[in-house]
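Survey of secondary and tertiary structure
Letter by letter, the chains look like this.
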Amino acid sequence: MKRPAALAFAAVILAIPVSSSARDENPRPVPVESRQIPNFKVGSDRSRFGDLEYLGGIEIASSDRVLGGLSALRLLDDRARFIGVLDTGHWITGRIERDDAGRLSGIADLTVAAMRDKDGQVIDARWRADAEGLVIDGDDVFVSFERRHRIERYDRDDLPAASPVAVLPHRIPDYEFRNNRGMEALSIAPPGSPLDGALVAVSEKSLNKEGDIFAAIVTGPKKGVFFVRRYPPFDVTDGDFLPNGDLLLLERRFSIAEGVGMRIRRIAGEDIAPGKTVDGPVLIEAGFGEQIDNMESLDVFVAADGTTRILLASDDNHSILQRNLILEFALIE
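Below is a summary of the structure that appears in this document. (Residues numbered from 1 in each chain as written. Predicted model: local features only at pLDDT ≥ 70, side-chain atom pairs only at ≥ 80, totals over all residues. Heavy atoms only, no water.)

Side note on the overall build of the protein chain
Counting secondary structure elements, the protein chain contains one helix and 24 strands. Oriented by its inertia axes, the alpha-carbon framework of the protein chain measures out at about 50 × 45 × 40 Å. Within the protein chain, buried positions represent 59% of all 333 residues. The contacts in the protein chain between residues at least 6 apart in sequence include a share of 55% that link residues at least 24 apart. Surface summary for the protein chain: the accessible area is close to 13600 Å², and the carbon and sulfur share equals 50%. (Helix = DSSP H or I, 4+ residues; strand = E, 2+ residues; numbered from the N terminus. Buried < 20%, exposed > 50% of the residue type's maximum accessible area, 1.4 Å probe, protein only. Contact = heavy atoms within 4.5 Å. Areas by Shrake-Rupley, 256 points an atom, 1.4 Å probe, with all protein chains shown as cover.)

As for the sheet that holds strand β9 (residues 130-137)
One open sheet holds the four strands; their spatial order is β9-β10-β11-β12, and the pairing between them is antiparallel. Because the sheet does not close on itself, it has two edges, and the strands there are β9 and β12 (166-168). Strand-to-strand twist in this sheet, taken as the mean axis angle between neighbours without regard to direction, amounts to 30 degrees. (Pairing = 2+ DSSP bridges. Axes fitted to C-alpha atoms, helices over the stretch in contact; angles between N-to-C directions.)

Examining the nonpolar core
Counting residues in hydrophobic clusters, the biggest one holds 24 residues, and the most contacted among them are Phe40, Met262, Ile264, Leu312 and Leu327. Looking at this core, the elements that each hand over two or more residues are β4 (52-61), β18 (247-255), β19 (259-267), β21 (282-286), β22 (295-302), β23 (308-314) and β24 (324-331). No other element matches the four residues that β24 contributes to this core. Once you skip the residues sitting within four places of it in the chain, leucine 312 turns out to touch Leu250, Met262, Ile264, Met295, Ser297, Leu298, Leu325, Ile326, Leu327 and Phe329. Counting 21 residues, the second largest nonpolar core, distinct from the first, contains Phe82, Phe301, Leu311 and Ala313. (Core = buried A, V, L, I, M, F, W, Y, C linked by side-chain atoms within 4.5 Å.)

Describing the side chain of aspartate 293
Position of aspartate 293 relative to the elements: it lies in the loop between β21 and β22. Buried aspartate 293, no salt bridge; nearest opposite-charge side chain is arginine 323, N-O distance 4.2 Å. Polar side-chain contacts of aspartate 293 include one of 3.1 Å to the side chain of glutamine 322. (Lys, Arg positive; Asp, Glu negative; His and termini not counted. Salt bridge = Lys/Arg side-chain N within 4 Å of Asp/Glu carboxyl O. Polar contact = N/O pair within 3.5 Å; in protein donor to acceptor, adjacent residues only side chain to side chain.)

Here's the deal with the sheet that holds strand β16 (residues 224-228)
Spatially, the five strands line up as an open sheet ordered β13-β14-β15-β16-β20, and their pairing is mixed. Two strands close off the open sheet at either side, each with one partner strand: β13 (183-188) and β20 (277-278). Both β13 and strand β14 (residues 199-207) contribute to a ladder of five bridges, which runs antiparallel. Its bridge partner being in β14, serine 187 is matched across the sheet by valine 200.

Points about the packing of aromatic side chains
Scanning the entire structure with this criterion turns up six aromatic pairs. Between the aromatic rings of phenylalanine 214 and phenylalanine 227, the centroid separation amounts to 5.0 Å while the plane-to-plane angle is 65 degrees, which identifies the pairing as edge-to-face. With a gap of 13 residues between them, phenylalanine 214 in strand β15 (residues 213-217) and phenylalanine 227 in strand β16 connect regions that are remote in the sequence. An identical accessibility class is assigned to phenylalanine 214 and phenylalanine 227; each is buried. Among the aromatic residues, ring-to-ring pairing joins Phe40, Phe49, Tyr54 and Phe329 into one connected group. Positioned above the aromatic ring of phenylalanine 145, the side-chain terminus of arginine 150 is 3.9 Å from the ring centre. The lysine or arginine in question, arginine 263, covers the ring of phenylalanine 234, its NZ or CZ lying 4.5 Å from the ring centre. (Phe/Tyr/Trp six-rings, centres within 6.5 Å; stacked < 30°, edge-to-face > 60°. Lys NZ or Arg CZ within 6 Å of the ring centre and 35° of its normal.)

Observations regarding the pattern of salt bridges
By the definition in use, this model includes 25 salt bridges. Here arginine 35 makes a salt bridge to glutamate 59, at a shortest N to O gap of 2.7 Å. Taken as a pair, arginine 35 in strand β2 (residues 33-37) and glutamate 59 in strand β4 lie far apart in primary sequence, 24 residues in all. According to the relative accessible area criterion, arginine 35 is partly exposed, its value standing at 43%. The salt bridge partner of glutamate 97 is arginine 95, with a shortest N-O separation of 3.8 Å. With a relative accessible area of 30%, arginine 95 lands in the partly exposed category. Counted as one network, the salt bridges with shared partners bring together Arg98, Asp305, Arg309 and Glu328.

Structure (structure tokens):
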């Protein structure tokens, strides 16, 4: 995604090619240090924020420079192990740890591996592997890419050394994509919901003539292009479906005056259809006074106690000025 212009250091780091050591062909472990974030609002123990309750979070760091550029993180069925993608063209896998109170406490067994092309070769050119969106659907894993805009399907059992087994039609005309503002959010609607298992992609900031965001129902009988109402300066960074079929969109803003901000918008599933422009209420909005950074990832899951949880993660852009955060919220219906 497009990086905040004021973070010049981050821009310099992103301009440097990924080193060969970061393109190891085989998965390798990455050391991680974690620090708990007990309160979401700085200087306050308040837990309710809009329609969400803050349950805890962690800040993670590593001596290995490969950790950074997180685009998407998805929990597996055990609600602990995860698969993620970095915008440097890497897979990451690991396990979330919790303390005795059930709050996030750390990351274990973190591994990283370079992504491969259809011929099984490690992708050396970063512009070919700018991974942004991620979805896991049974044995299938889907990833959306910017710059070389596409959605690829992988066999989950072959990760992290997998090669793509198919490229999906993404429905949005290629000429409508802005180079570094393409398909940022990728999600699958729950079976039995209005979109009934369809794959949905939403761009970061590829806009139509009305200034709204290009999106698409990629698969299923309702496939086609739709639009998401845009409210500048917010841009989409990720999304996922709630169990009832409503779509949550994570949005980020940046300005010199106000710094980084984020919000989550809820789009009714029955409103999403080809040709429509959709909108919905904001569930939470946070800014300088809360524990956020460049929030890039949103994952919805149902916890063991039946509550709907939202896991957010940030991208530190490989910059000493930013942080890798993982935050957990419960949806208050």
